[in-house]
Amino acid sequence: MPEVLSAEARKVLQDEVTTLGNEIRVLKEQKTSPDLVKEKVAKMLELKKKLGEEQKPGKFVIKCPKGTRDYGPKEMAVREAVFGTIIESFKRHGAETIDTPVFELRDVLLSKYGEEGGKLVYNLEDQGGELLSMRYDLTVPFARYLAMNKISNIKRYHIAKVYRRDQPVMTRGRYREFYQCDFDIAGEYEKMLPEAECLKIVDEVLNKLDVGNFYIKVNHRVILDAMMSVSGVPKQQFKTVCSSIDKLDKEPWEKVEKELIDEKGLTKEVTQQLRRFVLFREEATDLDDIQTLDKMMEIEALRTNADFKKGTEELKVLFNFLSLYGVTSARFEPSLARGLDYYTGVIYEAVVEPSEEVRKTIAEGAAKENQDSGEASIEGQGLPTGVGSVAAGGRYDELVKGFSGKKDSVPCCGVSFGIERLFAIREAQLKCKDVPMRTVATEVYVASAQKNLLEERMKLCRSLWDSGVRTEMAYKRNPKLLDQIQNCEAKQIPLMLIVGERELQEGVVKLRYIKTREEQDIPLATLVESIREALLKA
């Protein structure tokens, strides 16, 4: 029998496990030698084994897996409201919806997400001879769906969970399991019109949700290619350099430049020239988007580059369309370099800047989640708490062709909302304002003032349910009237029907407005009509 550990010894072991776990995360982020990481992991597993020997049979830690969370009724009420706003916008713009499997053949997802994304795909064990992976996003499955069903024109939305084998940072809204809300337009159309509508939807949704200050960064992949070509970046390194440039919204240039030199093999001369282009807006803060593009065109090396000229012309058309749609939140950002392989044209990303109070509330909630799950969140320490990107997308004209094998592809353009981050903002805003949240949609609560009236309450409920009125009642045979009223107030149910002996004799029922506490008798013969009128006033 193993020696029973004292509480003090157990605490020491638990602290060692936590410390090792933090060290392993840091080593992975720094891309240290795999052998050193394996050594640390083996040591941590050995310590966990010692702790496990002390657990009684059937005992285990009850918690959510790392990078996931539960959602209670209040959280789900906020989530459904956010979903409702987004779906309403999608439908307003004429989209229809589809669904696809939560996992795909591994070959479908392979090599579609670039250098960084490819490392984050969850692979499943071999099942019946098929190599499968959890979907990383909804775009690649959509492209597979188009190719498989030979669809060349569709405007669709898709809301579903996706999975990423990432290091979760709750304080930044980064999870391993989360929802995406996608809107895509597939087909041949007037240049820049689909992009303009996608950006209009982003602007529309974020304004409707009242998330606070936000802006939409816009760039073009051929402009990125032109800047790298002119800077002297070898063509075969364009994609890998893009993945580094894409980190500029999280890390300073000095750190990105060090990665470009030490890991990507670029020279200081090349990185300095690249810096001049990707950080161009820092030198031209007083210029609008068109003026910035024109200013960059004054640089001879860019002016004579065909890719840069093409990208500039298309962005000017886009910004003109956005002006017609009343979108003022979009701005040209040459440092935006979406790290995915499949974008071929305009790319964009919406960033929210929550108030300091909202940031603090999000951080406190995330810290509690980390504590409840037993995880240390070293990634968020010393860094500004926020939610960052809440929507992103772009044009991907070649992705469908990769599945169909046909010469002609299906041009596509779309945008994806990160629902978890939008949800975190809305939840924090409501907490800051101390706004009570309804978790039920009940419109009428049927109550009784005396005993032995269960059957009468049931009859009223049936009548209202059959008429489409959201109704509930107490499940006790003889509930106290005060308890019923308090339950109604706690759930913020607007109306209460009270039945008693007098009401039964007179063929009426008492209607109570919960908010104002006003009461009136209404005839049972016109019950439903009276309730509908009362709901308009409540």
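Residues numbered from 1 in each chain as written. Predicted model: local features only at pLDDT ≥ 70, side-chain atom pairs only at ≥ 80, totals over all residues. Heavy atoms only, no water.

An unreviewed UniProt entry annotates the chain as histidine--tRNA ligase originating from Mesorhabditis belari. On record in UniProt, under Sequence similarities (unreviewed entry), the comment for the chain is "Belongs to the class-II aminoacyl-tRNA synthetase family." Quoted verbatim from the Catalytic activity (unreviewed entry) heading of the UniProt record, the comment on the chain is "tRNA(His) + L-histidine + ATP = L-histidyl-tRNA(His) + AMP + diphosphate + H(+)". (UniProt positions renumbered as here; feature names shortened; annotations may be inferred.)

Once that is clear, we can look at the packing of helix α7 (residues 193–209) against helix α15 (residues 306–325). Relative orientation of the contacting elements α7 and α15 amounts to 45 degrees, with a least axis distance of 9 Å. By the criterion of interaxial angle, the relationship of α7 to α15 is oblique. Crossing hand, α7 versus α15: right-handed. Touching Leu-193, Glu-195, Ala-196, Glu-197, Leu-199 and Lys-200 of α7 are Leu-318, Phe-321, Leu-322 and Tyr-325, all from α15. Considering only residue class, the contact of α7 with α15 consists of 7 nonpolar, no polar and 3 charged. (Axes fitted to C-alpha atoms, helices over the stretch in contact; angles between N-to-C directions. Helix = DSSP H or I, 4+ residues; strand = E, 2+ residues; numbered from the N terminus. Parallel < 35°, antiparallel > 145°, perpendicular 65-115°, else oblique. Left-handed = near helix turned anticlockwise from the far one by under 90°. Contact = heavy atoms within 4.5 Å. Nonpolar A, V, L, I, M, F, W, Y, C, P; charged D, E, K, R; others polar.)

With 5 of 5 residues buried, strand β13 (residues 495–499) lies mostly within the body of the structure. A two-sided burial pattern is seen for β13, the buried positions comprising Leu-495, Leu-497 and Val-499 on one face and Met-496 and Ile-498 on the other. In the sheet, strand β11 (residues 444–448) pairs with β13 via 5 bridges, with the strands oriented parallel. By the bridge assignment, Ala-447 is partnered in β13 with Ile-498. As defined by bridge partners, β13 adjoins strand β14 (residues 508–513) across 4 bridges and the pair is classed as antiparallel. Each bridged residue has a counterpart across the sheet, and for Leu-495 the counterpart in β14 is Tyr-513. (Buried < 20%, exposed > 50% of the residue type's maximum accessible area, 1.4 Å probe, protein only. Pairing = 2+ DSSP bridges.)

Time to look at the packing of aromatic side chains. If you walk through the whole model with that rule in mind, you get 7 aromatic pairs. Judged by centre distance (5.2 Å) and plane angle (80 degrees), the ring pair of Phe-83 and Tyr-179 falls under edge-to-face. Here the residue Phe-83 occupies a position in helix α3 (residues 73–92), and Tyr-179 occupies one in strand β5 (residues 177–186), the gap between them amounting to 96 residues. A relative accessible area of 14% places Phe-83 in the buried class. Here the aromatic rings of Phe-90 and Tyr-157 are separated by 5.5 Å at their centres, their planes lie at 40 degrees, and the arrangement is tilted. Residue Phe-90 is located in helix α3, and its partner Tyr-157 is located in strand β4 (residues 154–163); the two are separated by 67 residues in the primary sequence. Pair check on accessibility: Phe-90 and Tyr-157 agree, each one buried. (Phe/Tyr/Trp six-rings, centres within 6.5 Å; stacked < 30°, edge-to-face > 60°.)

What follows covers the UniProt feature "binding site: L-histidine" (unreviewed entry) in the chain. Within this numbering scheme, the UniProt entry marks Asp-137, Leu-138, Thr-139, Arg-164, Gln-180, Asp-184, Arg-338, Tyr-342 and Tyr-343 as carrying the feature "binding site: L-histidine" (unreviewed entry). Mapping Asp-137 onto the fold places it in the loop between β3 (132–134) and α6 (139–149). One polar contact links the side chain of Asp-137 to the main-chain amide nitrogen of Thr-139, over a distance of 3.4 Å. Mapping Leu-138 onto the fold places it in the loop between β3 and α6. Given a relative accessible area of 0%, Leu-138 falls into the buried group. When near neighbours in sequence (up to four residues on either side) are disregarded, Leu-138 contacts Arg-156, His-158, Ala-160, Val-162, Gln-180 and Asp-182. (Polar contact = N/O pair within 3.5 Å; in protein donor to acceptor, adjacent residues only side chain to side chain.)

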